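Chain by chain, the residues run as shown.
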Amino acid sequence: MVARHDTAHDTVAETVRVEGARILATLIRAVGDVQLAEDAVQEATLAALGAWPVTGVPPQPRAWLALTARRKAIDILRRERARPDKERDGLRVIELADYELPPDDVVDDDVLRLIFTCCHPALSPATRVALALRTLCGLSPAQIAGVLLTSEAATTRRLTRARQKIAAAHIPYRVPAEAELAARLPAVCGVIHSLYTAGHAPVDGRAAYDVDACAEALRLAELLHDLLPEQSMPAAVLALLLLTQARSPARLDAAGDVVTLDQQDRGRWDAVAIARGIELLNDSLRRSHGQADAYQLQAAIAAEHARAASYDGTDWAEILRLYDLLLSIAPSHAAGLARVVAASEAADPATGLAMLAELPPSPVGTRFALNCSPAKGRTQRQPENSPNPSTDRRRSRSDSIGSDVERHSSGWRCRRRRSGGPEVPGDVPSTGRTS
Amino acid sequence: MPQYLALTYTADVDWWAPEQASELADYRQFAVDNADCIRASAVLHPTSTATVVRVAGARGGDVVITDRPYAETKEALTGYYLLEAADLEEAVAISAQLPAAWGGAVEVRPVIASK
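What you see is a predicted model, and the numbers here were worked out from it, not measured in a lab.

Draft legend 1. Representation of the overall build of chain A in the model. Within chain A, the secondary structure is distributed over 18 helices and 2 strands. Counting only residues that meet the buried cut, chain A has 46% of its 435 residues in that class. Looking at chain A alone, contacts between residues at least 24 apart form 64% of all its contacts between residues at least 6 apart.

Draft legend 2. Broad picture of the overall build of chain B. Secondary structure summary: chain B contains 3 helices and 6 strands in total. Walking chain B from its N terminus toward its C terminus, one meets helices and strands in the order β-α-β-β-β-β-α-α-β. Once the C-alpha set of chain B is aligned to its principal axes, its extents read approximately 45 × 45 × 20 Å. Split into buried and exposed, the 115 residues of chain B put 15% on the buried side. For chain B, the share of sequence-separated contacts (at least 6 apart) that also reach a separation of at least 24 residues comes to 75%.

Draft legend 3. A look at the interface of chain A and chain B. Facing the 7 residues of chain A at the interface are 6 residues of chain B. Broken down by class, the residue content of the side of chain A that touches chain B amounts to 6 nonpolar, 1 polar and no charged.

Draft legend 4. Summary view of the sheet that holds strand β6 (residues 105–110) of chain B. All names here are of chain B. With respect to topology, 4 strands assemble into an open sheet ordered β2-β5-β1-β6, the strand pairing being antiparallel. Each edge of the open sheet carries a strand with a single partner, namely β2 (38–43) and β6. Across the sheet, the mean angle from the axis of one strand to that of its neighbour is 20 degrees, orientation sign disregarded. As paired elements, β2 and strand β5 (residues 76–84) share 5 bridges and run antiparallel to each other. Bridge pairing in β5 links Ile38 to Leu83.

Draft legend 5. Fine view of helix α5 (residues 104–118) of chain A. With 15 residues, α5 of chain A should reach 21 Å at 1.5 Å per residue; the first-to-last C-alpha distance of 21 Å fits that figure. All of the buried residues along α5 of chain A are Asp110, Val111, Leu112, Leu114, Ile115, Phe116, Thr117 and Cys118 of chain A.

Cut-offs and rules
Residues numbered from 1 in each chain as written. Chains lettered and ligands numbered in written order. Predicted model: local features only at pLDDT ≥ 70, side-chain atom pairs only at ≥ 80, totals over all residues. Helix = DSSP H or I, 4+ residues; strand = E, 2+ residues; numbered from the N terminus. Buried ≥ 20, exposed ≤ 12 C-beta atoms within 10 Å, placed from the backbone. Contact = placed C-beta atoms within 7 Å. Nonpolar A, V, L, I, M, F, W, Y, C, P; charged D, E, K, R; others polar. Pairing = 2+ DSSP bridges. Axes fitted to C-alpha atoms, helices over the stretch in contact; angles between N-to-C directions. Expected span 1.5 Å × (residues − 1).

Structural data, given as structure tokens:
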């Protein structure tokens, strides 16, 4: 019975979190204040969490939450009546009291506004991710701190500063015009991809957090593609995430250890997700008229892996070509390393080693010790001795926002010591375990 | 309407030097083009002319005057524009027309509205 109660409670909590994030967008527009709207939604969700396990989830949970959040917002405004701009607040109270549940297309526009505000380029990349997790995913500062491997206090400070900047600098709450979209979408897509990358750290992260950052990233990618179906970049990001996620069932063995790409049971890959990822990628490429962006190229690389019936049957020459293209438009150390892997699989490990010697040194002190293992016919990467594995792990993950070499597998086993990754990460298909 | 201070950070130049004439003309043109939203502006003499004032201890203490205390930097504050704009994006769009935006950087700071 206890378990059943917990499941019921989890269902309520999940509904409250997802619906709460959706009504927040509309409430922010109505009250014109991110902090006030968040506080009101927070109070409404607490009320729901108190009431619903007893009364059951109402037939229209979103309407219930929206109405309650509006009442809470009015309460908060009344409490703060002493504030200097009370005239304006009086107006807001009237607008809030006159309330009808907005139609879906209005809600969609509001969510899109919120996405573009949270992911505004005037905010730092790390702030964008934290803000998206707070406002779009409805996670608490403690949960966000868990995902981003920082402290709850630091997360709270970051969110507070972000809200202050949005208010003080008047970062607009609107969807960019069609002409501006191309310039603004990379910041939004970067947030979603960074979030996925942050969640994709099973070496250290499995079962350690109650939040599945990969699932949240996929949800946001679906949402963004849903809201902007004509745009090629959100489709490419969704394709990349689906194609990467499709392999996740085969990534851990029974003991919970990571299985490298060459050892994975490909029968356990999610064929439906792969098919959808490839379809989305093709659609995205059509829409961008064959002019590929970094997400499309990474998705194409993931698709090549997904298509291959076996590791040895992988079209490494094609993957090498795609990495060459990726490096030409979005050079990164991660992609450079992954290209060497592809080259050594396409040719032989000696070629790979020779190319490795020519790689420029890693930007922020990523250090690897190389260990060639000709017996296996592959080159292996070994980490340098890490004096403090726990600190090292924290750093490796928190810095991995944006890119992570360690996620690339195919026989390379590596551990990043320290890196400030570039904005556009390399392929993130699977993880190499340090062995 | 919100106000923003657009601070231009560029090479520490003497705007009166003949070789700056053409760039200075660009700034004047910017001011003409955006007259509607510029509330105040100034170009500054180079940092070599700056004086730093401090009062020792507390209010009423000795006034201590020094030459600029900071090390020479590649980019210095060389001017400012007080802009009025609907929101940050509009302020950014205006600031992006300043020659400093490609010759250095423009820092856009929201101004606290006086009641």
